[in-house]
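Spelled out from the first residue to the last, the chains are:
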Amino acid sequence: MAELQEVQITEEKPLLPGQTPEAAKTHSVETPYGSVTFTVYGTPKPKRPAILTYHDVGLNYKSCFQPLFQFADMQEIIQNFVRVHVDAPGMEEGAAVFPLGYQYPSLDQLADMIPCILQYLNFSTIIGVGVGAGAYILSRYALTGLTSSISEMILGHLFSQEELSRNSELIQKYRNIITHAPNLDNIELYWNSYNNRRDLNFERGGDITLKCPVMLVVGDQAPHEDAVVECNSKLDPTQTSFLKMADSGGQPQLTQPGKLTEAFKYFLQGMGYMASSCMTRLSRSRTASLTSAASIDGNRSRSRTLSQSSESGTLSSGPPGHTMEVSC
């Protein structure tokens, strides 16, 4: 009797007629363990995670996953999710050969690169698809998650992606401070509390709002610029001053202390303090423009521009009862 052999038959379904490949965008991001390259397909879908893949040894994302994601039946899935295909360092197409003596990251360190990718893309959740070594890397990421990369996650909270990419002396300094902090476990607890915070539920004209004078300051490249702008829109315009500071990134008190000092003095003067204090730094450097806007009769608005010439030593305060928006 002939020996029976089990044969596995796979039904192949190519791309549908007329279907064209998706546009792909390839990115590289620096991590504590070197650069990692990944390719993004599609656009983020509201309230849906991204599909993130990690390939096996000897492959890259194309040779490992392209047949699967080009399969006809898969198209219904990929139309509903943005996809991120990660190439392990040096495995991407056209990668240069690492120099002699290069220490390749461990699988744990490769897992620690994933939060840097998600931070760069501003993705909070993923569906992981891994094969072999890639499955181990994704499993390790799922086990350790935030804990193994607490310093990078906090840096992404403090500074913009542009600042982190430049890796200036300031970034290196604070990366070293946070990474080697003796109380890193305590910092993580504080970080967890921040991530579990409740919404303040501010509502302009509602019962929940700040009734005291407020100055909101945000850098024009800050990672949370949109959140601060939204907060300003919910506060009482008669009590709020909003300052968007140029060239300051996520921490204006570190990058632009002079500008912030001037703005703080102006805010104090608006409260009736330090009336004789001179605003010399900004007035020497250039003309400062302040734009105030207020609502009239609930339907109409007016704009008023106050200019401060370089010869004057102080900035005159605007009329009370207006939201002051300042760019400097």
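The rules we used
- Residues numbered from 1 in each chain as written.
- Predicted model: local features only at pLDDT ≥ 70, side-chain atom pairs only at ≥ 80, totals over all residues.
- Heavy atoms only, no water.
- UniProt positions renumbered as here; feature names shortened; annotations may be inferred.
- Core = buried A, V, L, I, M, F, W, Y, C linked by side-chain atoms within 4.5 Å.
- Buried < 20%, exposed > 50% of the residue type's maximum accessible area, 1.4 Å probe, protein only.
- Helix = DSSP H or I, 4+ residues; strand = E, 2+ residues; numbered from the N terminus.
- Axes fitted to C-alpha atoms, helices over the stretch in contact; angles between N-to-C directions.
- Parallel < 35°, antiparallel > 145°, perpendicular 65-115°, else oblique.
- Left-handed = near helix turned anticlockwise from the far one by under 90°.
- Contact = heavy atoms within 4.5 Å.
- Nonpolar A, V, L, I, M, F, W, Y, C, P; charged D, E, K, R; others polar.
- Salt bridge = Lys/Arg side-chain N within 4 Å of Asp/Glu carboxyl O.
- Expected span 1.5 Å × (residues − 1).
- Polar contact = N/O pair within 3.5 Å; in protein donor to acceptor, adjacent residues only side chain to side chain.
- Patch = residues over 30% accessible without salt bridge, like charges linked within 9 Å, V, L, I, M, F, W, Y side chains within 5 Å.
- Areas by Shrake-Rupley, 256 points an atom, 1.4 Å probe, with all protein chains shown as cover.
- Phe/Tyr/Trp six-rings, centres within 6.5 Å; stacked < 30°, edge-to-face > 60°.
- Pairing = 2+ DSSP bridges.
- Right-handed = clockwise from strand over helix to strand, strands pointing away.

The name given to the chain in an unreviewed UniProt entry is NDRG family member 2, with the source organism recorded as Aotus nancymaae. Annotation of the chain in UniProt includes, under Sequence similarities (unreviewed entry), the sentence "Belongs to the NDRG family."

> Sorry if this is basic, but what is going on with the nonpolar core here?
One broad rule of soluble globular proteins: the nonpolar side chains tend to lie buried together. By size, the foremost hydrophobic cluster in this structure holds 22 residues, and its most contacted members are Phe38, Val84, Val86 and Ile117. With 7 residues, the single largest contributor to this core is helix H3 (residues 107-121).

> Would you explain the packing of helix H5 (residues 150-158) against helix H8 (residues 184-195) in this entry?
When two helices pack together, their arrangement is captured by the angle between the axes and the distance separating the axes. Across the interface, H5 lies against H8 with an axial gap of 11 Å and an inter-helix angle of 50°. Here H5 is positioned oblique relative to H8, judged by the angle of their axes. Judged by the sense of rotation from one axis to the other, the crossing of H5 with H8 is left-handed. Contacts between H5 and H8 involve Ile150, Met153, Ile154 and His157 from the former and Leu184, Ile187, Glu188, Trp191 and Tyr194 from the latter. For the contact of H5 with H8, the residue count by class is 7 nonpolar, 1 polar and 1 charged.

> What should I look at first to understand the pattern of salt bridges in this one?
Where charged atoms from two side chains of opposite charge approach closely, those side chains can pair. Summed over all chains, the structure comprises 4 salt bridges. Put simply, glutamate 93 and lysine 62 hold a salt bridge, and the shortest N to O gap is 3.4 Å. Here lysine 62 lies in helix H1 (residues 61-69) and glutamate 93 lies in the loop between strand S4 (83-87) and H3, a separation of 31 residues in the sequence. A salt bridge links aspartate 108 to arginine 140; the nearest nitrogen and oxygen atoms lie 3.2 Å apart. Linking aspartate 108 in helix H3 with arginine 140 in helix H4 (residues 133-144), this pair joins segments that are 32 residues apart in sequence. With relative accessibility at 26%, the residue arginine 140 sits in the partly exposed group.

> What is the right way to read helix H11 (residues 257-270) from this model?
Residues spaced three or four apart along an α-helix point in a common direction, a consequence of the helix completing one turn every 3.6 residues. Along its 14 residues, H11 runs 20 Å from first to last C-alpha, staying within 8% of the 20 Å computed at 1.5 Å per residue. Gly258, Lys259, Leu260, Glu262, Ala263, Tyr266, Phe267, Leu268 and Gln269 are the residues of H11 that are buried.

> I tried to follow the environment of glutamate 230 on my own but got confused; where do I start?
The topology assignment puts glutamate 230 in helix H9 (residues 225-234). In this structure the side chain of glutamate 230 is engaged in a polar contact, spanning 3.2 Å, whose partner is the side chain of lysine 234.

> Could you clarify how one ought to interpret the packing of H3 against H4 in this entry?
The N-to-C vectors of H3 and H4 enclose an angle of 70°; their axes lie 8 Å apart at closest approach. With respect to each other, H3 and H4 are oriented roughly perpendicular. Where H3 crosses over H4, the two elements pack in a sense that is right-handed. Two secondary-structure elements touch here, H3 through Leu107, Asp108, Leu110, Ala111, Asp112, Ile114, Pro115 and Leu118 and H4 through Tyr136, Ile137, Leu138, Arg140, Tyr141 and Thr144. Taken together, the residues of the contact of H3 with H4 sort by class into 10 nonpolar, 1 polar and 3 charged.

> Explanation requested: unusual backbone geometry in the structure shown.
Most peptide bonds adopt trans geometry, and most residues besides glycine take a negative phi value. A positive phi angle, close to 60°, is found at asparagine 122, a residue other than glycine. Within the element layout of this structure, asparagine 122 appears in the loop between H3 and strand S5 (126-130). A relative accessible area of 68% means that asparagine 122 is categorised as exposed. Despite not being glycine, asparagine 201 shows a phi value in the positive range, around 60°. In this fold, asparagine 201 is placed in the loop between H8 and strand S6 (214-219).

> Would you mind showing me how to read a nonpolar patch on the surface here?
Among the surface-exposed residues, Met271, Tyr273 and Met274 lie close enough to one another that they form a single nonpolar patch of about 310 Å² accessible area. By the element assignment, methionine 274 lies in the loop between H11 and helix H12 (280-285).

> Help me understand the packing of aromatic side chains, please; the structure alone is not making it clear to me.
Two aromatic rings, taken as a pair, are described by how far apart their centres are and by the angle between their planes. With the rule as written, the count across this model stands at 8 aromatic pairs. Between phenylalanine 38 and tyrosine 120 the ring centres are 5.9 Å apart and the planes differ by 75°, which places this aromatic pair in the edge-to-face class. Note that phenylalanine 38 is positioned in strand S2 (residues 34-41) and tyrosine 120 in helix H3, a separation of 82 residues in sequence. You can call phenylalanine 38 buried: its relative accessible area is 0%. Looking at tyrosine 120, the relative accessible area reads 30%, which means it is partly exposed.

> Sorry, what's going on with the side chain of arginine 83 here?
Its location among the elements puts arginine 83 in strand S4. According to the relative accessible area criterion, arginine 83 is buried, its value standing at 4%. Engagement of the side chain of arginine 83 in a polar contact is seen with the side chain of histidine 85, the distance being 3.4 Å.

> What should I look at first to understand the pairing of strand S7 (residues 240-245) in this one?
Remember that side chains alternate between the two faces of the sheet whenever the strand is regular. One ladder, built from 6 bridges, connects S6 with S7; its direction is parallel. Note that in S7 the partner of valine 218 across the bridge is lysine 244. Where the polypeptide runs from S6 across H9 and back to S7, its parallel neighbour, the crossover connection is right-handed.

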